[in-house]
Amino acid sequence: MTEKDKYWIRETLKLAKKAKGLTSPNPMVGSIILDENGNKLCDGYHSKAGTDHAEIVALKKAGNKAKNGILYVNLEPCCHYGKTPPCTKAIIEAGIKKVVIGSIDPNEKVSGQGINTLKEAGVEVIYGVLKEKCDELNKFFFHWIQTKKPWITLKIAATLDGYVNLGKHGKKITGLEVQKLVHQMRSEYDAVLTGSGTIIEDNPQLNVRKVKGRNPIRIILDRNFKCPTESKVFNENGKSVIFTQSSTLENATALTNTEIIQFNGNLENALFEIGKKGILSVLVEAGPKLNTTFFEKDLFNDVFYFINPRLYGIPDEKKLNLYSGNLKELEYKAINKVGKDLLITLTKTSS
């Protein structure tokens with residue numbers, strides 16, 4: 001592994017990020033080809049599921065000039081037939097002499113087999129270059145492959161004195177900069193999840209408006225099927241999914257672009273069902289009760305905790321607890337200022 005290898009793998013990560021939020025259920029991948037003299041020939045990235053993988057995009061651009069060249073890619077090339085042919089076959093046929101890889105693909109259909117296929121064909125292979133950075137980029141994909149469940153991020157906003165609901169005093173706790181950032185986050189997650197209480201009380205749209213990007217799938221946990229059919233989430237562009245225990249579904253026919261899934265109330269079972277749909281990541285924008293369930297059941301991966309520096313001290317409103325479960329210890333991952341607000345990113349303790 002050389003500094004040159006690290007440089008080009010960093011460049012593949014930049015390419016891969018161009019499709020952030022667009023590739024599920026596939027990972028984000030970028031690829032670069034150097035000619036036999038070490039000069040950059042071309043690059044490519046995987047733009048969305050069902051289209052050419054990054055390596056194929058780059059190889060098509062390179063043509064015959066790829067022979068004896070070096071191919072860089074942030075994730076191990078696939079070696080099986082899916083919606084597209086195996087990348088290893090194309091790499092070998094193009095005459096690439098060396099392949100430098102960041103992450104090993106955790107998919108059991110690949111997981112080292114892509115590397116072995118290339119080596120058996122006489123291609124030199126180096127792997128594990130900037131592995132941590134490459135793994136981090138595709139953490140949603142890795143988690144989904146390994147657990148069959150989506151990556152769960154809890155998004156919470158509170159005032160400095162702990163209010164997560166301002167009642168009649170206003171709905172927006174954080175400033176415009178945070179609101180824009182949350183819309184950016186939504187565009188990068190496959191789905192946004194909330195409970196029926198949030199839908200009934202706040203009637204949110206749960207879409208992407210303040211930035212350019214795709215709308216996430218909207219998932220609503222509605223045990224008793226009591227969300228009004230006129231709620232915004234059922235009348236916006238994009239798809240909604242309702243998980244319910246209710247057997248009384250007369251209102252279902254009034255809902256458009258909405259799938260109804262009956263479940264037994266077990267949150268983890270619901271997450272497995274979500275994972276079966278190829279949803280790799282979920283941003284939870286819910287109230288304290290549902291957040292508490294995610295915390296207590298240990299069904300989350302990280303937390304975006306926004307704190308607004310105002311003190312409300314509202315005497316005529318019941319203060320809502322952020323969390324009302326047993327002791328839960330988290331670790332700080334990052335602290336950033338967003339406008340006048342603070343974003344604290346937290347993960348579960350490693351112990």
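Residues numbered from 1 in each chain as written. Predicted model: local features only at pLDDT ≥ 70, side-chain atom pairs only at ≥ 80, totals over all residues. Heavy atoms only, no water.

Colleague: Break down the nonpolar core for me, citing the residues and quoting the values.
Modeller: One finds Ile33, Leu59, Leu71, Ile96, Val99 and Phe306 to be the most contacted residues of the largest nonpolar core, which totals 50 residues. Excluding its chain neighbours within four sequence positions, the residues that come into contact with Leu59 are Ile33, Ala66, Leu71, Ala90, Ile91, Ala94 and Ile96. Core analysis: the next-biggest nonpolar cluster, separate from the first, contains 28 residues, Phe243, Leu271, Val284 and Leu299 among them. (Core = buried A, V, L, I, M, F, W, Y, C linked by side-chain atoms within 4.5 Å. Buried < 20%, exposed > 50% of the residue type's maximum accessible area, 1.4 Å probe, protein only. Contact = heavy atoms within 4.5 Å.)

Colleague: Kindly report on the packing of aromatic side chains, identifying the contributing residues and their values.
Modeller: Aromatic ring pairs are defined here through the distance separating the ring centres and the angle between the ring planes. Applying the stated rule across the entire model yields eight aromatic pairs. Aromatic side chains Trp8 and Tyr72 sit 6.4 Å apart centroid to centroid with 35° between the ring planes, which places their arrangement in the tilted category. Taken together, the residues span a long stretch of sequence, with Trp8 in helix H1 (residues 3-16) and Tyr72 in strand S3 (residues 70-75) at a distance of 64 residues. Tyr72 gets classed as buried once you look at its relative accessible area, which sits at 1%. In this structure an aromatic cluster arises from ring pairing among Tyr7, Trp8 and Tyr72. In this structure, Lys348 is placed above the aromatic ring of Phe300, and the distance from its NZ or CZ to the ring centre is 5.3 Å. (Phe/Tyr/Trp six-rings, centres within 6.5 Å; stacked < 30°, edge-to-face > 60°. Helix = DSSP H or I, 4+ residues; strand = E, 2+ residues; numbered from the N terminus. Lys NZ or Arg CZ within 6 Å of the ring centre and 35° of its normal.)

Colleague: Which residues make up the sheet that holds strand S4 (residues 98-103), and what values go with them?
Modeller: The five strands are arranged S2-S1-S3-S4-S5 in an open sheet whose pairing can be described as mixed. Of all strands in the sheet, those with a lone pairing partner are strand S2 (40-45) and strand S5 (124-126), marking the two edges. Between one strand and the next, the sheet's axes are offset by a mean angle of 15°, whatever the strand orientation. Where S4 meets S5, three bridges bridge the pair, whose relative direction is parallel. (Pairing = 2+ DSSP bridges. Axes fitted to C-alpha atoms, helices over the stretch in contact; angles between N-to-C directions.)

Colleague: So what about a positive patch on the surface? Which residues, and what values?
Modeller: On the surface, a cluster of positive charge is contributed by Lys172, Arg209, Lys210 and Lys232. Mapping Arg209 onto the fold places it in the loop between helix H8 (196-202) and strand S8 (217-221). (Patch = residues over 30% accessible without salt bridge, like charges linked within 9 Å, V, L, I, M, F, W, Y side chains within 5 Å. Areas by Shrake-Rupley, 256 points an atom, 1.4 Å probe, with all protein chains shown as cover. Salt bridge = Lys/Arg side-chain N within 4 Å of Asp/Glu carboxyl O. Lys, Arg positive; Asp, Glu negative; His and termini not counted. Charge placed at Lys NZ, Arg CZ, Asp CG, Glu CD.)

Colleague: Go over the environment of Leu322 with me, naming the residues and quoting the values.
Modeller: The residue Leu322 is located in the loop between strand S12 (302-308) and strand S13 (330-338) in this model. Accessibility expressed as a relative area gives 25% for Leu322, which makes it partly exposed. A C-alpha to C-alpha distance of 7.8 Å links Leu322 and Tyr163, two positions 159 residues apart in sequence. Residues in contact with Leu322, not counting those within four places in the same chain, are Ile156, Val164, Pro288, Thr292 and Tyr305.

Colleague: Kindly report on helix H10 (residues 288-296), identifying the contributing residues and their values.
Modeller: Residues of H10 that are buried include every one of Leu290, Asn291, Thr292, Phe294 and Phe295, and no others. Positive phi appears at Asp298, one or two residues downstream of H10, with a value of about 55°.

Colleague: Outline the sheet that holds strand S7 (residues 191-195), listing residues and values.
Modeller: With respect to topology, nine strands assemble into an open sheet ordered S10-S9-S8-S7-S11-S6-S12-S14-S13, the strand pairing being mixed. Taken across any chain shown, the strands that pair with only one partner, and hence form the sheet edges, are strand S10 (258-262) and S13. Averaged over neighbouring strand pairs, the angle between their axes works out to 20° when direction is ignored. Here S8 pairs with strand S9 (residues 240-244) via four bridges, running parallel. Opposite Ile220, over in S9, you have Ile242 as the bridge partner. Seen against the sheet, helix H6 (residues 139-147) touches strand S6 (151-159), strand S11 (281-284), S12 and S13 and runs at an angle of roughly 125° to S6. Helix H9 (residues 267-276) rests against S6, S7, S8, S9 and S11 of the sheet, and its axis sits at about 150° to S9.

Colleague: Kindly report on unusual backbone geometry, identifying the contributing residues and their values.
Modeller: Residue Pro25 is bonded to the preceding Ser24 through a cis peptide linkage, with omega at 5°. Considering the arrangement of structural elements, one finds Pro25 in the loop between H1 and strand S1 (30-34). Of note in the backbone geometry, Leu206 takes a positive phi value of approximately 55° without being a glycine. One can find Leu206 in the loop between H8 and S8.

Colleague: Account for the environment of Ile145, naming residues and giving values.
Modeller: When you line up the elements, Ile145 lands in helix H6. Using a relative accessible area of 16% as the deciding quantity, one classes Ile145 as buried. C-alpha separation for the pair Ile145 and Gly275, spaced 130 residues apart in sequence, amounts to 9.4 Å. Excluding its chain neighbours within four sequence positions, the residues that come into contact with Ile145 are Pro106 and Asn107.

Colleague: Break down the environment of Arg310 for me, with residues and values.
Modeller: Structurally, the position occupied by Arg310 is in the loop between S12 and S13. On the accessibility criterion, Arg310 (37% relative accessible area) is partly exposed. Along the chain, Arg310 and Val129 lie 181 residues apart, while their C-alpha atoms are 45 Å from each other. Residues contacting Arg310, with those up to four places away along its chain left out, are Thr159, Leu160, Asp161, Lys172 and Ile173. A polar side-chain atom of Arg310 sits 2.6 Å from the main-chain carbonyl oxygen of Ile173. (Polar contact = N/O pair within 3.5 Å; in protein donor to acceptor, adjacent residues only side chain to side chain.)

Colleague: Summarise the pattern of salt bridges; cite the residues concerned and give the values.
Modeller: Side chains carrying opposite charge are able to pair once their charged atoms draw close together. Going through the model one piece at a time under the given rule, you end up with 19 salt bridges. Residue Glu259 pairs with Lys277 through a salt bridge whose shortest N-O separation is 2.8 Å. Of this pair, Glu259 sits in strand S10 while Lys277 sits in the loop between H9 and S11, and the two are 18 residues apart along the sequence. What makes Glu259 partly exposed here is its relative accessible area of 25%.

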